[in-house]
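Geometric and topological summary
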Amino acid sequence: MVEMQPDDGKADNQYSDQLVTVGLSNEALCNTEADEYFMSIKVELNQIDRLVSDAVNNLVINFRYISKLTKSHHDMVLAIEKMAAPEGSKPIIELLEKQMIIADKIEQELEMAITSLQFGDLVTQLLAHTARQVETLNIELQRIDRQSNWKSEKTTLQATHEGISKAVNIANTKSKRKPVVQQGMQMGDIELF
Amino acid sequence: MAKTILAVDDSASIRQMVAFTLKGAGYEVIEAVDGQDALDKANAYKVNLVLTDINMPRMDGLKLLELLRKLSHYKAIPILMLTTESGDEMKAKGRAAGATGWLVKPFDPKRLLEVIGKVIG
């Protein structure tokens, strides 16, 4: 690194002024970059949330429609069975019984889908939690950046590392409890008091 | 006469799944989007059971539980918490505030109906 030496006091001041200006603009740039980086993470988290919500809404509409059709199918099979019995031929009765079994199985699958379709709520809560963590980390990093003298010549890698660790620790402490601990979509526990 | 259940959740999909399950079993369902909305509807309609989430905007489920228990009609009405929260500390808070039971999401429709049948009588 080339060290510039001023010729006189005036030049010294000019040089110092230049350094301060460069220092400030670098700092400002640094913070803006950090802000933009954290903002882009939040934008991506929002995008995931929108995609998941959109998919869940569509799935719920599909679910309701299939459920309605299944009920109609079930009722129709019952009506045909009534019309066919007792004179109905054996093959027709057997076919209707098979239809009833299929209708019951579809209903069972739909019940299971109710449990699975709740994933949207869990994902949304986790995304909101992660977005809060990212925001807290950004705020803490910026605060420590403002308070520290990282730009000074004495700045070491260790000091930088300590600053980041401090920010992460504070962000961790400030973060709210994780609202979702489920690792899968199995039914949750039930407890009556 | 069908019993009425107040289903409280800020997630539209959860409300729809709960309503679908309960209506299919013959219950009448009133939906609320958060604790404040639920409190307003609980005052307007005398429901037979409240099924509420915890983490919601404006007013959370624990605050709702606390306020409902202060209303004469809701002193003995079953109030079930349906939430992603499964920590002992939260459960203890719910229990202390007067919750009847704690159901961790995701719920299974058959088990939900069993529990409701048990507490609603």
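Rules used in this analysis
- Counting starts from 1 at the beginning of each chain's written sequence and moves along it residue by residue.
- Whichever chain is written first becomes A and whichever ligand is written first becomes 1, with later ones labelled in order.
- Local features are withheld for residues below a pLDDT of 70 in this predicted model, meaning they are given only at 70 or higher, and side-chain atom pairs are given and counted only at 80 or more; totals for whole chains, interfaces and linings count all residues.
- To obtain the side-chain values, all non-hydrogen atoms of the structure were included, while hydrogens and water were left out.
- Any two of the Phe, Tyr and Trp rings considered here, Trp counted by its six-membered ring, make a pair once their centres fall within 6.5 Å; the pair's planes then place it as stacked at under 30 degrees, edge-to-face at over 60, or tilted in between.
- Elements are defined by DSSP. Helices are runs of H or I of four residues or more, strands are runs of E of two residues or more, and each kind is numbered from the N terminus.
- By nonpolar core we mean a set of buried residues, namely Ala, Val, Leu, Ile, Met, Phe, Trp, Tyr and Cys, connected to one another through side-chain atoms within 4.5 Å.
- Buried, partly exposed and exposed residues are distinguished by accessible area as a fraction of the type maximum, computed with a 1.4 Å probe on protein chains only: under 20%, between the cut-offs, and over 50%, respectively.
- Only heavy atoms enter the contact rule, under which two residues are in contact if any of them lie within 4.5 Å.
- When a carboxyl oxygen of Asp or Glu is within 4 Å of a side-chain nitrogen of Lys or Arg, the pair counts as a salt bridge.
- Confidence scores here are pLDDT values: one per residue, from the predictor, ranging 0 to 100.
- Note on pairing: DSSP must find at least two bridges between two strands before they are called paired.
- Here the axes come from fitting lines to C-alpha atoms, over the contacting stretch only for helices, and the angles between their N-to-C directions go from 0 to 180 degrees.

**Some words on the packing of aromatic side chains**
On inspection of all chains with the given rule, the structure shows 2 aromatic pairs over all chains. Here Tyr37 of chain A and Phe38 of chain A contribute two aromatic rings whose centre-to-centre distance is 5.8 Å and whose plane-to-plane angle is 70 degrees, an arrangement assigned as edge-to-face. Taking the centre distance of 4.9 Å and the plane angle of 70 degrees together, the rings of Phe63 of chain A and Phe20 of chain B count as edge-to-face. Separated into two different chains, Phe63 of chain A in helix H1 (residues 9-84) and Phe20 of chain B in helix H1 (residues 12-24) make up a pair that spans both.

**Focus: the nonpolar core**
Side chains of a nonpolar character, in soluble globular proteins, are inclined to be buried together. Core analysis: the biggest nonpolar cluster contains 26 residues, and Ile5, Val18, Leu22, Leu51 and Ile116 of chain B have the highest contact counts within it. Contributing elements (two or more residues each) for this core: H1 and helix H2 (90-116) of chain A together with strand E1 (4-8), H1, strand E3 (49-52), strand E4 (79-83) and helix H5 (109-120) of chain B. Per-element tally for this core: the top contributor is H1 of chain B, with 5 residues. Excluding residues that lie within four positions of it along the chain, Ile5 of chain B makes contacts with Leu22, Tyr27, Glu28, Val29, Ile30, Leu49, Leu51, Ile116 and Ile120 of chain B. In terms of nonpolar packing, the next biggest core, distinct from the first, is built from 24 residues, Ala38, Met56, Tyr74 and Trp102 of chain B among them.

**Describing the pattern of salt bridges**
Residue and element names in this part refer to chain A. The final tally for this structure, using the stated rule, is 12 salt bridges over all chains. Where Glu135 meets Lys42, a salt bridge forms, and the shortest distance between an N and an O atom there is 2.9 Å. You can see Glu135 sitting in helix H3 (residues 119-147) and its partner Lys42 sitting in helix H1, a full 93 residues away along the chain. Classification of Lys42 by relative accessible area gives partly exposed; the value is 23%.

**A short note on the confidence of the model for chain B**
Of the residues in chain B, 100% have a pLDDT of 70 or more, and the chain-wide mean is 94. This complex was scored by the predictor with a pTM of 0.76 and an ipTM of 0.82.

**Some remarks on the sheet that holds strand E5 (residues 101-104) of chain B**
Taken in spatial order, the 6 strands line up as E1(A)-E5(B)-E4(B)-E3(B)-E1(B)-E2(B) in an open sheet, and their pairing is mixed. Since the sheet does not close on itself, it has two edges, and those belong to strand E1 (190-192) of chain A together with strand E2 (28-32) of chain B, each with one partner. Averaged over all pairs of adjacent strands, the angle between their axes in this sheet comes to 15 degrees, without regard to strand direction. Across the sheet, helix H2 (residues 35-44) of chain B touches E1 and E2 of chain B, and the angle it forms with E2 of chain B is around 135 degrees.

**With respect to the environment of Arg143 of chain A**
Residue and element names in this part refer to chain A. Among the secondary structure elements, Arg143 is positioned in helix H3. The partly exposed category is assigned to Arg143, whose relative accessible area is 26%. Note: C-alpha distance between Arg143 and Phe193 (50 residues apart in sequence) is 46 Å.

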